[in-house]
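# Examination of the molecular architecture
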Amino acid sequence: MSTATVAAPSAVDTSAAIARLRQHHPRHWRMAAALRVLAMDAVQAANSGHPGMPMGMADVATVLFARHLRFDAAAPGWADRDRFILSAGHGSMLLYGLLHLTGHADMPLEELRRFRQLGSRTPGHPEYGHAAGVETTTGPLGQGLANAVGFAIAEESLRARFGPGLVDHRTWVIAGDGCLMEGISHEAIGLAGMQRLARLVVLWDNNDISIDGRVGLADRTDQRARFAAAGWQVLACDGHDPDDIDRALTAAGTAERPVLVDCRTVIGFGAPKKQDTAAAHGSPLGAAEIAATRAAYGWEHLPFEIPTEVRADWAAAGARGQAARRSWEGRLDALSDRRRAEFLRQLSGRPPARLAPALRGFCRAVAAKAPSLATRKSSEMVLEVVNRLCPETIGGSADLTGSNNTLTPGLGIFDPANRKGRYIHYGVREHAMAAVMNGLALHGGVRPYGGTFLCFADYARGAIRLAALMGVPAVHVLTHDSIGLGEDGPTHQPVEHLAMLRATPNLVVLRPADSVETAEAWAIALAQTSRPTVIALTRQNLPTLRAAPGSRNLAARGAYVLAEAGGRRQAILIATGSEVALAMAAREALQAEGIGTRVVSMPSWELFAEQPEAWRRKVLPPGPVRVAVEAGVGMGWERWLCGEGGRSARAAFVGMTGFGASAPAEALYAHFGITPAAVAAAARRLLG
């Protein structure tokens with residue numbers, strides 16, 4: 001007997017609501033109906049998609065875009081526009097329909113016809129960079145809501161620094177029941193409530209339907225009470241009454257806290273047999289149901305056909321913010337050349353010209369002193385230079401500030417009393433921190449970095465992946481990067497995490513070996529414009545290995561020769577981070593035996609893979625045996641040991657094969673055989 005959930009027939013009759021809308025709000029009705037039929041038509045043409053949510057939220061979206069959202073479709077990149085985020089990304093046709101009808105040049109009708117097709121600007125879920133007006137990539141539920149918290153923090157920070165004449169906008173979000181069920185939503189709304197982000201408004205599509213059926217199958221949370229308990233103002237409206245929607249959105253604009261607007265809606269609004277059921281959620285309505293819905297709407301036009309008068313109404317909505325945008329441009333032009341240039345530089349994401357020489361100076365100074373430092377401490381020292389020269393940086397930590405070393409003197413704490421503060425206490429919210437950082441970076445004008453333990457990248461993984469997918473230049477400071485953290489034990493000791501992060505496309509992973517490489521890693525991270533960076537740092541002290549750093553950033557090459565073989569080169573030892581010092585000690589032992597040994601520091605696989613073949617061959621020439629050493633699992637090392645001119649018969653890996661244990665770091669390295677002696681022994685075995 002089948003146990004599949006079968007959607008119950010709808011008990012809702014929307015005919016009276018439709019009649020009321022057509023009679024009392026004819027202009028609004030036509031505009032909203034256009035969104036609904038475009039969603040039905042595009043999903044049907046693609047034979048794939050989610051029509052019900054756009055149909056249910058069309059009235060709310062129409063009121064928002066026609067009366068409240070401050071934007072100019074002719075200038076979608078206007079820095080002081082309101083941001084609109086569709087956290088319920090499965091309803092992407094709502095966003096695409098809005099962009100098309102308001103006149104965004106990136107969204108012609110042909111793109112709606114190509115919904116969910118290869119190479120279109122209308123993928124199944126909104127993807128940042130495909131079309132102007134798509135502020136972030138959504139689809140994994142709750143991510144857009146958490147991103148929006150970052151957008152709102154960025155707005156508050158920039159307004160405090162540059163004034164309301166340049167920065168004075170809101171962030172609007174449409175979130176669904178699924179967004180609010182995801183755990184990240186709890187992290188995000190708690191942070192937003194504590195920060196009193198009054199420019200943030202979440203419009204909850206409260207339709208009581210998920211893929212499996214009624215929300216009550218899995219959840220009984222009182223969402224209004226939850227948001228109120230987190231410090232939000234909670235409002236409600238009939239999601240199919242434009243006057244009531246307008247009332248709620250107007251009230252949201254005067255709030256002194258973030259706002260949740262509970263919009264009671266009917267999924268698949270107007271579809272006679274499928275509205276208010278799971279059948280309207282994630283599949284085409286079908287030709288017969290679409291025809292019946294058109295009849296219910298009084299919509300007598302062909303698929304994808306929008307009447308001229310409806311297009312004109314939507315075009316007017318798209319141009320409504322033109323005067324405000326031109327006034328803003330006038331205020332920007334009136335600034336002094338220096339202040340305008342600095343504002344635009346920060347928006348661009350380019351680091352200040354003074355940063356590169358300052359970091360080179362840091363490298364020379366630290367190499368001269370040759371301290372033994374944990375790279376997390378080295379990172380803190382580098383950040384003192386960075387944060388002094390880069391007013392756009394906003395740092396933070398997930399309740400590990402003293403461990404991550406991410407707070408530097410003079411930053412100040414960002415909170416409701418100090419919007420000029422540049423450090424965020426995220427609390428124990430790794431996932432939200434990573435997603436908020438995505439929103440900060442996507443907003444523009446700020447450069448976010450945030451810290452936690454490398455092991456807890458597991459909690460942040462969903463948002464880190466989306467950062468890589470979008471090309472968001474957030475910087476993740478992940479400390480306590482191996483068994484070297486010691487006594488906290490295997491629950492906190494990362495072994496597979498470097499492999500997991502390196503497997504993520506478009507993510508730069510850097511594991512510096514000393515203070516010089518740490519400074520170079522930060523220079524690399526801050527130069528990124530289209531990909532995120534992970535900087536993996538140690539708890540334990542490491543010696544300074546780069547005695548005479550020059551003007552070139554060697555870490556930017558991904559790997560380089562740290563110590564050349566004395567005599568005939570017979571072995572190459574490849575290491576990252578804390579294990580580079582072990583490789584150097586192993587080299588000393590091998591050289592004493594007359595075995596010429598080169599040591600290669602490889603802080604970044606990704607950057608090394610991007611180098612010309614000539615450089616890779618110069619660093620890793622064929623011939624010598626190769627031994628890699630890293631206090632993590634060996635997954636992925638095959639390329640550098642057996643590929644790139646290497647051979648499996650002449651290669652070995654020294655590292656972890658399982659989880660760690662609770663003990664002092666020195667004992668753990670000895671117990672797991674990650675020692676200079678083990679590295680030297682592996683080279684000898686290969687040499688036979």
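For the structure given in this document, a descriptive report is provided here. The shown structure was predicted, so the numbers you read here are calculated from the model rather than taken from an experiment. (Residues numbered from 1 in each chain as written. Predicted model: local features only at pLDDT ≥ 70, side-chain atom pairs only at ≥ 80, totals over all residues. Heavy atoms only, no water.)

In this section: the sheet that holds strand S14 (residues 533-536). Across a sheet, strands are paired by hydrogen bonds formed along the backbone, either parallel or antiparallel in direction. With parallel pairing, six strands are arranged side by side in an open sheet as S10-S9-S11-S12-S14-S13. Taken across any chain shown, the strands that pair with only one partner, and hence form the sheet edges, are strand S10 (423-425) and strand S13 (508-510). Each adjacent strand pair in this sheet contributes to an overall mean axis angle of 20°, direction not counted. Sheet strands touched by helix H21 (residues 515-527): strand S11 (447-453), strand S12 (475-479), S13 and S14. Its angle to S14, the strand with the most contacts, is close to 165°. (Pairing = 2+ DSSP bridges. Helix = DSSP H or I, 4+ residues; strand = E, 2+ residues; numbered from the N terminus. Axes fitted to C-alpha atoms, helices over the stretch in contact; angles between N-to-C directions. Contact = heavy atoms within 4.5 Å.)

Here we take up the pattern of salt bridges. Taken as a whole and assessed by the stated rule, the structure comprises 34 salt bridges. Across the pair Arg70 and Asp80 runs a salt bridge, and its minimum N-O distance is 2.5 Å. With Arg70 in the loop between helix H3 (52-68) and strand S1 (83-86) and Asp80 in the loop between H3 and S1, the pair connects residues that are 10 residues apart, well separated along the chain. Of the residues examined, Arg70 reaches a relative accessible area of 22% and is grouped as partly exposed. (Salt bridge = Lys/Arg side-chain N within 4 Å of Asp/Glu carboxyl O. Buried < 20%, exposed > 50% of the residue type's maximum accessible area, 1.4 Å probe, protein only.)

Take the packing of helix H18 (residues 430-443) against helix H19 (residues 457-470) next. The interhelical angle for the contact between H18 and H19, taken along N-to-C directions, is 20°, at an axis separation of 6 Å. Taken as axis vectors, H18 and H19 run roughly parallel relative to one another. On H19, the residues touching Glu430, His431, Ala434, Ala435, Asn438 and Leu442 of H18 are Tyr459, Ala460, Gly462, Ala463, Ile464, Leu466, Ala467 and Met470. Class assignment of the residues belonging to the contact of H18 with H19 gives a composition of 10 nonpolar, three polar and one charged. (Parallel < 35°, antiparallel > 145°, perpendicular 65-115°, else oblique. Nonpolar A, V, L, I, M, F, W, Y, C, P; charged D, E, K, R; others polar.)

The next subject is unusual backbone geometry. A positive phi is found at His480, a non-glycine position, where the angle reads about 55°. Tracing the chain through its elements places His480 in the loop between S12 and helix H20 (497-502). The buried category is assigned to His480, whose relative accessible area is 4%. Although it is not a glycine, Asn506 sits at a positive phi angle of roughly 65°.

Here we come to the sheet that holds strand S20 (residues 651-656). Here we have five strands laid out as an open sheet, ordered S16-S18-S17-S19-S20, and mixed in their pairing. What marks the edges here is a single partner per strand, and that holds for strand S16 (560-563) and S20. Here the strands of the sheet are splayed against their neighbours by 30° on average, with no regard to which way each runs. Bridge count between strand S17 (residues 569-575) and strand S18 (residues 596-601): six bridges; the pairing is parallel.

Attention now goes to the packing of aromatic side chains. Applying the stated criterion to the full structure yields 14 aromatic pairs. Judged by centre distance (4.9 Å) and plane angle (70°), the rings of Phe162 and Phe343 are edge-to-face. One end of the pair, Phe162, is in helix H6 (residues 143-162); the other, Phe343, is in helix H14 (residues 337-348), with 181 residues separating them in the sequence. For Phe343, a relative accessible area of 2% translates into the label buried. Measuring from centroid to centroid gives 5.7 Å for Phe453 and Phe456, while their planes differ by 20°, and the two rings are stacked. Relative accessible area serves as the criterion here: at 16%, Phe456 is assigned to the buried category. A connected cluster of aromatic rings, assembled from ring pairs, spans Trp605, Phe608, Trp637, Trp640 and Phe653. Of note, Arg502 hangs over the ring of Trp605, and the distance from its end group to the ring centre comes to 4.0 Å. One cation-aromatic arrangement involves Arg557 over Trp615; the distance from NZ or CZ to the ring centre is 3.8 Å. (Phe/Tyr/Trp six-rings, centres within 6.5 Å; stacked < 30°, edge-to-face > 60°. Lys NZ or Arg CZ within 6 Å of the ring centre and 35° of its normal.)

So, about the nonpolar core. One finds Phe84, Leu203 and Trp314 to be the most contacted residues of the largest nonpolar core, which totals 142 residues. The element that contributes the greatest number of residues to this core is helix H2 (residues 26-46), accounting for 13 residues. Discounting chain neighbours no more than four positions away, the residues touching Phe84 are Leu64, Phe65, Leu69, Leu95, Leu98, Glu135, Trp172 and Ile174. Core analysis: the next-biggest nonpolar cluster, separate from the first, contains 48 residues, Ala575, Ile595, Val619 and Val679 among them. (Core = buried A, V, L, I, M, F, W, Y, C linked by side-chain atoms within 4.5 Å.)

With that settled, consider the side chain of Glu111. Residue position: Glu111 is located in helix H5 (residues 109-113). Of note is the side chain of Glu111, whose polar atom sits 2.8 Å from the backbone nitrogen of Arg121. (Polar contact = N/O pair within 3.5 Å; in protein donor to acceptor, adjacent residues only side chain to side chain.)

This part takes up the pairing of S12. Burial runs high along S12: five of the five residues are buried. Of the two faces of S12, the one lined by Val475, Val477 and Thr479 and the one lined by His476 and Leu478 are each fully buried. Both S11 and S12 contribute to a ladder of five bridges, which runs parallel. Within the sheet, the bridge partner assigned to Gly450 lies in S12 and is His476. Crossover connection from S11 via H19 to parallel S12: handedness right-handed. The sheet contact formed by S12 and S14 spans four bridges and is parallel. Paired with Val475 across the bridge in S14 is Thr533. (Right-handed = clockwise from strand over helix to strand, strands pointing away.)

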